[in-house]
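The lines below spell out each chain.
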Amino acid sequence: MEFTAKQIAEYLQGRVEGDENAAIHTFAKIEEGVPGAISFLSNPKYTHYLYETKSSIVLVNEDVELEKPVNATLIRVKNAYECVAKLLQLYESMKPKKSGIDPLASISPKATIGENVYVGAFAVIGDGAVIDNGTQIYPHTVIGDGVTIGENGLLYPNVTIYQGCKIGKNVTIHAGCVIGADGFGFAPNTEGYDKIPQIGIVVIEDNVEIGANTCVDRSTMGQTVIHKGVKLDNLIQVAHNCEVGENTVMSAQVGLAGSTKIGSWCMVGGQAGFSGHIHVADKTFVGAQSGVISNTKGNGEQLIGAPAIDPKVFFKSSAVFKKLPEMYRELAALRKEIEELKKK
C-alpha cells in the first residue's frame with residue numbers, strides 16, 4: 001500500500017516541503033534510504049545523511065535548518081521521532097491478524113474462548129482459563145488453569161503463564177517469557193532449605209509489553225503487579241511481590257529483588273539491579289549497571305553507579321579512581337619520607 005507525502009502530512013499534522021505527491025511504500029533508516037521509502041531525522045549526528053539519502057520522504061523537526069538543497073521531500077513535524085512511531089504503529093495495525101483455532105492446539109473444554117481469537121499449533125489452554133476477544137496465542141504457548149487474558153492480547157511462541165495469573169487488555173508478551181513461576185523463597189534449616197510455597201499470583205495491567213525471555217515471579221502471598229503502560233525489555237527478572245508503577249520502562253537485564261516497589265514513569269538502564277524491600281519514587285532515572293540499595297528521594301532524581309549515587313558525584317569519583325595508582329605511589333613515597341625524618 002502506498003501513501004503520498006500529502007496524506008502522511010495530514011495524518012501527522014505536519015507540513016510538506018517539496019513534492020506533495022511523492023509516494024512511499026516502506027520504511028528505511030536515513031543512512032540506508034531507498035526510493036519509495038520514508039525515513040526520519042531526529043538525532044543531529046545524522047544530519048549529514050539528509051543531503052545524501054535516497055529515501056523519497058524524510059520526517060524532520062520543524063526547527064531543522066537546511067545548509068544546502070535536499071533531494072527528498074521533507075515533512076516538517078513537531079517531533080520526528082514520535083511521528084515515525086505513529087506511522088509504524090499504523091503500519092503494524094494494517095497487517096492482517098491470524099485467526100482460528102489450529103486443530104493441533106489443546107484447549108480445555110472448561111476454558112472460555114472469545115471471538116476472533118487465534119490459537120496456534122501445540123498451544124495449551126487449561127481449565128477455567130478465559131481468553132478475551134481478538135487475542136492471539138502463538139504455537140507452543142501454555143496458558144495455565146484459571147488464567148485470564150484481556151482483549152487483543154498478543155502472546156508469541158513459547159510463552160508460559162502459570163495458573164491463576166491475570167493479564168489485562170492490549171498486552172504483548174514476547175517469546176520465551178515466563179509469567180507466574182514461583183518466587184525464590186527458601187527457609188534455611190540444619191539440613192538445607194525448606195521451600196516456602198508461593199501461593200500468590202501475577203497481575204499484568206493494560207497496555208503492557210514484555211520482552212523475550214523475561215520472567216515475572218508470582219508472589220508469596222497477594223500479587224506481583226505490573227501496572228498499566230509498563231514496557232519491559234528482554235531478559236528482565238521481576239521477583240516475587242514486586243510492583244512496577246505505571247508507564248515505567250526498563251532496559252535489558254534489569255533485576256528486581258523481592259518486594260521492590262518501583263514508581264510510575266521511571267526509566268531504568270540495562271543491567272541495573274535493585275535490592276529487595278525498597279521503594280523507588282516516581283520519575284526516578286537509573287543509569288545502566290547501577291545498583292540501587294535503598295529508598296530514593298523523590299521525583300526526578302537521577303542515579304548511577306553501584307551503590308547508585310548522583311551522576312555528578314559518580315563522575316567526579318570516577319575521575320579520582322583513575323588516579324588511585326599514582327596517588328598510592330605518592331602516598332607510599334610520603335610515608336617513607338616521613339619515616340626517614342622521624343629517624344633523624
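What counts, and at which threshold
Residues numbered from 1 in each chain as written. Predicted model: local features only at pLDDT ≥ 70, side-chain atom pairs only at ≥ 80, totals over all residues. Heavy atoms only, no water. Helix = DSSP H or I, 4+ residues; strand = E, 2+ residues; numbered from the N terminus. Rg over C-alpha atoms; globule rule 2.2 N^0.38 Å. Buried < 20%, exposed > 50% of the residue type's maximum accessible area, 1.4 Å probe, protein only. Lys, Arg positive; Asp, Glu negative; His and termini not counted. Charge placed at Lys NZ, Arg CZ, Asp CG, Glu CD. Axes fitted to C-alpha atoms, helices over the stretch in contact; angles between N-to-C directions. Parallel < 35°, antiparallel > 145°, perpendicular 65-115°, else oblique. Contact = heavy atoms within 4.5 Å. Disulfide = S-S within 2.5 Å. Pairing = 2+ DSSP bridges. Salt bridge = Lys/Arg side-chain N within 4 Å of Asp/Glu carboxyl O. Phe/Tyr/Trp six-rings, centres within 6.5 Å; stacked < 30°, edge-to-face > 60°.

1. What about the overall build of the protein chain?
Part 1: Helix and strand counts for the protein chain stand at 4 helices and 39 strands.
Part 2: Its C-alpha atoms give the protein chain a radius of gyration of 27 Å, clearly above 20 Å, the size a compact globule of 344 residues would have.
Part 3: By principal-axis analysis of the C-alpha atoms, the protein chain measures approximately 90 × 70 × 30 Å.
Part 4: Within the protein chain, the fraction of its 344 residues that count as buried is 40%.
Part 5: Between the centroid of the 32 positive side chains of the protein chain and the centroid of its 38 negative side chains there is a distance of 8 Å.

2. Here we look at the packing of helix 1 (residues 5-12) against helix 2 (residues 80-93)
Part 1: Direction vectors running N to C along helix 1 and helix 2 enclose 110 degrees, while the axes themselves pass 11 Å from each other. It follows from the interaxial angle that helix 1 and helix 2 lie roughly perpendicular. Residue-level inspection shows Ile8, Tyr11 and Leu12 of helix 1 in contact with helix 2, the latter providing Cys83, Lys86, Leu87 and Leu90.

3. Remarks on unusual backbone geometry
Part 1: The omega angle of the peptide bond from Ala306 to Pro307 is -5 degrees, so this bond is cis rather than trans.
Part 2: Looking at the secondary structure, you find Pro307 in the loop between strand 39 (302-303) and helix 3 (311-322).
Part 3: Phi at Leu235 is positive, roughly 60 degrees, even though this residue is not glycine.
Part 4: Relative to the elements of secondary structure, Leu235 occurs in the loop between strand 28 (231-232) and strand 29 (237-238).
Part 5: Relative accessible area serves as the criterion here: at 47%, Leu235 is assigned to the partly exposed category.
Part 6: In the Ramachandran plot, His277 falls in the positive-phi region, its phi being about 60 degrees despite a non-glycine side chain.

4. Looking at the state of the cysteines
Part 1: For the coordinates displayed, the defined rule picks out 0 disulfides.
Part 2: Not part of a disulfide, Cys165 finds its nearest cysteine sulfur in Cys215, a span of 12 Å.
Part 3: Here Cys165 falls in the buried class, since its relative accessible area comes to 0%.
Part 4: The closest cysteine sulfur to the non-disulfide-bonded Cys242 is located on Cys215, 13 Å from its own sulfur.
Part 5: Classification of Cys242 as buried rests on a relative accessible area of 1%.

5. Quick word on the pairing of strand 22 (residues 186-189)
Every regular strand shows the same layout, with side chains that alternate between the two sheet faces.
Part 1: Bridge count between strand 22 and strand 23 (residues 192-195): 4 bridges; the pairing is antiparallel. Bridge pairing in strand 23 places Pro188 opposite Tyr193.

6. Quick word on the pattern of salt bridges
Opposite charge on two side chains makes pairing possible when the charged atoms of those side chains draw close.
Part 1: In this structure the tally under the stated criterion is 5 salt bridges.
Part 2: Note that Arg15 and Glu17 form a salt bridge whose closest N and O atoms lie 3.6 Å from each other.
Part 3: For Arg15, a relative accessible area of 45% gives the class partly exposed.
Part 4: The shortest N-O distance in the salt bridge between Glu17 and Arg76 comes to 2.7 Å. Of this pair, Glu17 sits in strand 2 (residues 15-17) while Arg76 sits in strand 7 (residues 73-77), placing them 59 residues apart in sequence.
Part 5: The partly exposed category is assigned to Glu17, whose relative accessible area is 27%.
Part 6: When salt bridges with common partners are traced through the structure, they connect Arg15, Glu17 and Arg76 into a single cluster.

7. Here we look at the packing of aromatic side chains
Part 1: In the structure shown here, the tally under the stated rule is 7 aromatic pairs.
Part 2: Measuring from ring centre to ring centre gives 5.7 Å for Phe27 and Tyr91, while their planes differ by 75 degrees; the resulting arrangement is edge-to-face. Within this pair, whereas Phe27 is found in strand 4 (residues 26-27), its partner Tyr91 is found in helix 2, the two being separated by 64 residues in sequence.
Part 3: The exposure class assigned to Phe27 is partly exposed, which follows from its relative accessible area of 27%.
Part 4: Residue class for Tyr91 comes out partly exposed when judged on its relative accessible area of 43%.
Part 5: Among the aromatic residues, those joined into a cluster by ring pairs are Tyr118, Tyr138 and Tyr156.

Everything listed here is a matter of geometry and, on its own, says nothing about what the molecule does.
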